[in-house]
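The lines below spell out each chain.
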There are 2 protein chains.
Amino acid sequence: MKVGVIGSSTSRFGELWDTPPRLMLKRTIDEALSDAMLSLSSVDAIFVGNMLAGMLGGQKNLGSIVAEELGVSIPAIRVEAACASGGLAVHNGVVSILSKEYDTVLVVGLEKMTDHASDEVAVSLMGAGSSRERDAGLTFPGLYAVMARAHMEQYGTTEEQMAAASVKNHYHATHNPKAQFQKAITVENVMQSMYVADPLKLLDCSPISDGAAAVLLSSEEVAKRNKKREPVWIVASQVATDTLSISKRKSITSVPAAKKAADQAYKRSGIRPSDVDVAEVHDCFSIAEIMALEDLGFYQKGKAASAIENGEVTCGTAKNLVINTSGGLKACGHPVGATGIKQIAELTKQLRGETNGRQVKGARVGLAHNVGGSGAIAVVHILKK
Amino acid sequence: MKVGVIGSSTSRFGELWDTPPRLMLKRTIDEALSDAMLSLSSVDAIFVGNMLAGMLGGQKNLGSIVAEELGVSIPAIRVEAACASGGLAVHNGVVSILSKEYDTVLVVGLEKMTDHASDEVAVSLMGAGSSRERDAGLTFPGLYAVMARAHMEQYGTTEEQMAAASVKNHYHATHNPKAQFQKAITVENVMQSMYVADPLKLLDCSPISDGAAAVLLSSEEVAKRNKKREPVWIVASQVATDTLSISKRKSITSVPAAKKAADQAYKRSGIRPSDVDVAEVHDCFSIAEIMALEDLGFYQKGKAASAIENGEVTCGTAKNLVINTSGGLKACGHPVGATGIKQIAELTKQLRGETNGRQVKGARVGLAHNVGGSGAIAVVHILKK
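For the structure given in this document, a descriptive report is provided here. Since this is a predicted model, take the numbers as computed values, not measurements.

This next bit is on the interface of chain B and chain A. At the junction of the two partners, chain B supplies 55 residues and chain A supplies 55 residues. For the pair chain B and chain A, the two sides together bury roughly 4100 Å², of which 47% comes from carbon and sulfur. Between chain B and chain A we count 6 salt bridges in total. Measuring nitrogen to oxygen at the nearest pair gives 3.5 Å for the salt bridge that ties B:Glu68 to A:Lys248. Across the contact surface, chain B and chain A share 27 residue pairs in polar contact (both at pLDDT 80 or more). Secondary-structure elements contributing two or more residues to the side of chain B that touches chain A are helix H2 (53-57), helix H3 (62-70), strand E3 (76-80), helix H4 (85-98), helix H6 (131-135), strand E8 (232-241) and helix H11 (256-269) of chain B. Ranked by the residues each element gives to the side of chain B that touches chain A, the list is headed by H4(B), at 6 residues. Grouping the constituent residues of the side of chain B that touches chain A by class yields 25 nonpolar, 20 polar and 10 charged. Strand direction decides the pairing type here: strand E3 (residues 76-80) of chain A and E3(B), joined by 3 bridges, are antiparallel. For A:Val79, the partnering residue across the bridge sits in E3(B) and is B:Val79.

Structure representation (structure tokens):
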């Protein structure tokens with residue numbers, strides 16, 4: 001498999017109260033097109049990642065909205081899989097190019113979440129969870145708190161180690177002008193923040209965000225024909241699913257769907273975990289980043305937490321691999337439908353060497369890991385220079 | 001393009017208050033698998049068409065729900081484009097097979113609409129419309145009423161002619177044991193039913209429905225290898241979009257996106273409108289069927305209404321082409337996410353000669369026409385024996 005990423009862009013993530021969703025979409029898409037040095041007329045189809053516009057904005061049918069906004073009448077397809085909507089939209093874009101039905105596609109994700117009362121957002125988000133656990137009173141932080149507690153008991157993971165993931169991601173975000181929180185924090189800050197769902201505290205949790213991200217994908221042939229831009233290649237795009245209810249899963253100290261998707265992606269591409277230079281992983285909660293590093297084969301079970309704590313995956317002090325240079329969901333922000341697409345955009349810029357203060361030197365291989373419904377679905381992409 | 005439909009099924013459509021959505025899904029999928037004489041282990045990916053589960057059921061992430069229900073961990077992708085969600089899910093399934101990433105995919109659609117207050121359903125449905133027209137007080141029947149009035153003024157179309165479309169579709173549904181209304185009606189019945197949005201009356205409008213439909217698609221190679229079942233072939237799968245707001249469109253006496261998708265589908269397959277023996281068209285309102293027959297090239301502009309009235313597209317009295325043997329959205333029912341998939345299921349059974357009292361003799365070519373957001377998106381499939 002070889003599909004080219006020929007352009008990408010990310011809007012500012014954050015509380016964008018003065019930016020209407022359509023404007024956010026338009027600007028982000030325009031920027032991706034100009035990054036690709038491509039005109040809109042070269043785009044054959046659009047894939048849109050969005051989770052909450054129906055429930056929060058009373059507006060679905062985002063495919064047609066994007067087409068209308070751009071003034072085109074090409075196929076426009078909205079893909080939804082909770083917080084993995086963005087990654088899944090990229091997967092569908094990749095597959096559509098491999099089909100030879102489309103040569104160049106735009107994949108765009110957006111979410112507008114901060115204009116709503118927090119309980120409304122929480123209820124909408126739980127639309128991705130199992131009704132069984134929802135009825136039992138569990139929220140998303142609650143579900144991950146259960147996983148965190150199990151991980152702590154089984155592997156001795158500490159609250160300080162979880163905090164270290166947030167600290168690292170905030171540090172990276174200080175170098176990302178698009179990030180929601182461009183501000184360093186300390187382990188102490190995390191430990192002193194209030195509990196949201198014990199053992200997870202406020203600063204273990206990714207925020208509610210507005211934002212958009214876009215990538216332009218082309219077939220190998222078309223991407224190579226464009227002499228203006230060296231493409232980055234997607235060499236694996238794998239999806240796996242699991243039960244919505246975490247109580248029915250094989251493991252709650254890992255995310256089996258992520259492990260399955262990653263194993264398939266490595267097999268497909270011939271790339272090994274040790275080949276990966278930079279990865280964007282789905283740290284919706286700090287414990288999720290720890291589990292991700294284990295599920296993705298970067299660390300043995302129970303070994304990721306101390307690695308994060310020791311600065312092994314921090315830009316500047318890392319040995320082989322840097323995690324979440326964008327700031328991750330925690331510090332870059334988590335506009336759900338955009339997140340999985342932002343990951344691909346960040347890796348594209350990393351592999352092109354365009355990320356300035358957070359650049360991983362000599363990065364040649366990147367991996368994106370996007371999870372929905374507390375592990376009910378996972379999407380893994382591998383990118384290569 | 002050649003993708004095989006190797007199995008299909010449709011649940012009973014109607015007010016299924018005693019059937020939980022998961023059970024409806026499970027039964028429909030089991031029936032499609034047994035129709036294909038295929039085991040679940042042969043399925044590589046799932047595409048799910050659904051519009052309203054998030055807004056009405058508080059439950060999104062339907063891809064994972066289907067995977068959980070079936071006990072599989074394969075890719076499961078929810079596609080949404082309002083009332084065209086089903087057709088668009090089929091398109092994505094077709095494209096995924098052409099990519100060679102998947103050999104056999106399940107496309108399933110469902111909607112559970114009747115358990116909710118009608119104003120809640122109306123508000124949710126308008127999530128697919130333009131906010132501009134929604135703010136002006138227009139509902140979906142209102143939007144189509146505007147189109148109907150324009151069509152009447154421009155082409156002399158009468159309320160009785162529109163009524164004839166409903167009468168025909170109800171007649172067909174008397175032969176469809178899965179249809180919501182298996183009951184004949186007369187033009188007088190339609191004319192005497194109350195106005196919903198002048199000139200459209202209750203019996204010009206498709207109902208609110210529960211229901212599910214599923215098809216199994218395979219690559220040409222895999223479909224041919226299965227000696228137990230003669231496949232039906234999808235030879236074109238085309239999508240086009242338009243503005244959400246009908247006031248911004250080139251025409252309101254036609255649906256430009258449907259015309260564009262149809263033109264591309266004919267070009268792609270080499271099939272002409274006159275080759276089509278049986279078609280399932282998106283008659284959300286009676287006027288929509290009239291416009292569809294013109295947009296699809298079956299009749300010249302302004303000529304479809306009298307053709308319907310004269311029984312030219314009714315099973316039994318038709319000359320060349322029969323429209324909506326399932327009963328269409330009007331009489332078979334319109335569980336939105338399932339509708340576009342039911343169309344493919346109906347055509348598959350027609351081309352296989354398995355539709356008993358509503359069978360079009362010697363049918364060899366079928367066409368499905370699925371529209372979302374009052375024409376903001378259209379999907380056209382052409383099937384061949």
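Now, onward.
Take the relation of the copies chain B and chain A next. Superposing chain B onto chain A takes a rotation of 180° plus a shift of 0.0 Å along the axis, which leaves an RMSD of 0.0 Å. Between the two chains, the operation in question is that of a two-fold axis. When C-alpha positions in chain B are compared against the rotation axis, the closest is assigned to B:Ser99, at 1.7 Å. In this assembly the copies share their binding face: 100% of the residues contributing to the interface of chain B also contribute to that of chain A.

With that settled, the discussion passes to the pairing of strand E4 (residues 104-112) of chain B. Residue and element names in this part refer to chain B. For E4, the tally of buried residues reaches 9 of 9 residues, placing the bulk of the element in the interior. Neither face of E4 is left uncovered, since the one carrying Thr104, Leu106, Val108, Leu110 and Lys112 and the one carrying Val105, Val107, Gly109 and Glu111 both have all their residues buried. When strand E2 (residues 45-49) meets E4, the two strands line up parallel, connected through 5 bridges. Each residue of the ladder has a partner; that of Phe47, found in E4, is Val107. Bridge count for E4 against strand E7 (residues 210-219) is 9 bridges, and the pairing is antiparallel. Residue pairing in the sheet places Leu106 in a bridge with Leu216 of E7.

With 8 of its 9 residues buried, H3(B) lies for the most part within the structure. Just past H3(B), the residue B:Gly71 takes up positive phi, approximately 70°.

A few words on the environment of A:Asp242. Residue and element names in this part refer to chain A. Within the element layout of this structure, Asp242 appears in the loop between strand E8 (232-241) and helix H11 (256-269). Since its relative accessible area comes to 13%, Asp242 is described here as buried. Along the sequence, Asp242 and Ala258 sit 16 residues apart, while their C-alpha atoms lie 9.3 Å from each other.

The rules behind the values
Residues numbered from 1 in each chain as written. Chains lettered and ligands numbered in written order. Predicted model: local features only at pLDDT ≥ 70, side-chain atom pairs only at ≥ 80, totals over all residues. Heavy atoms only, no water. Contact = heavy atoms within 4.5 Å. Buried area = accessible area lost by both parts, 1.4 Å probe. Salt bridge = Lys/Arg side-chain N within 4 Å of Asp/Glu carboxyl O. Polar contact = N/O pair within 3.5 Å; in protein donor to acceptor, adjacent residues only side chain to side chain. Helix = DSSP H or I, 4+ residues; strand = E, 2+ residues; numbered from the N terminus. Nonpolar A, V, L, I, M, F, W, Y, C, P; charged D, E, K, R; others polar. Pairing = 2+ DSSP bridges. Least-squares fit on C-alpha atoms with pLDDT ≥ 70 in both. Buried < 20%, exposed > 50% of the residue type's maximum accessible area, 1.4 Å probe, protein only.

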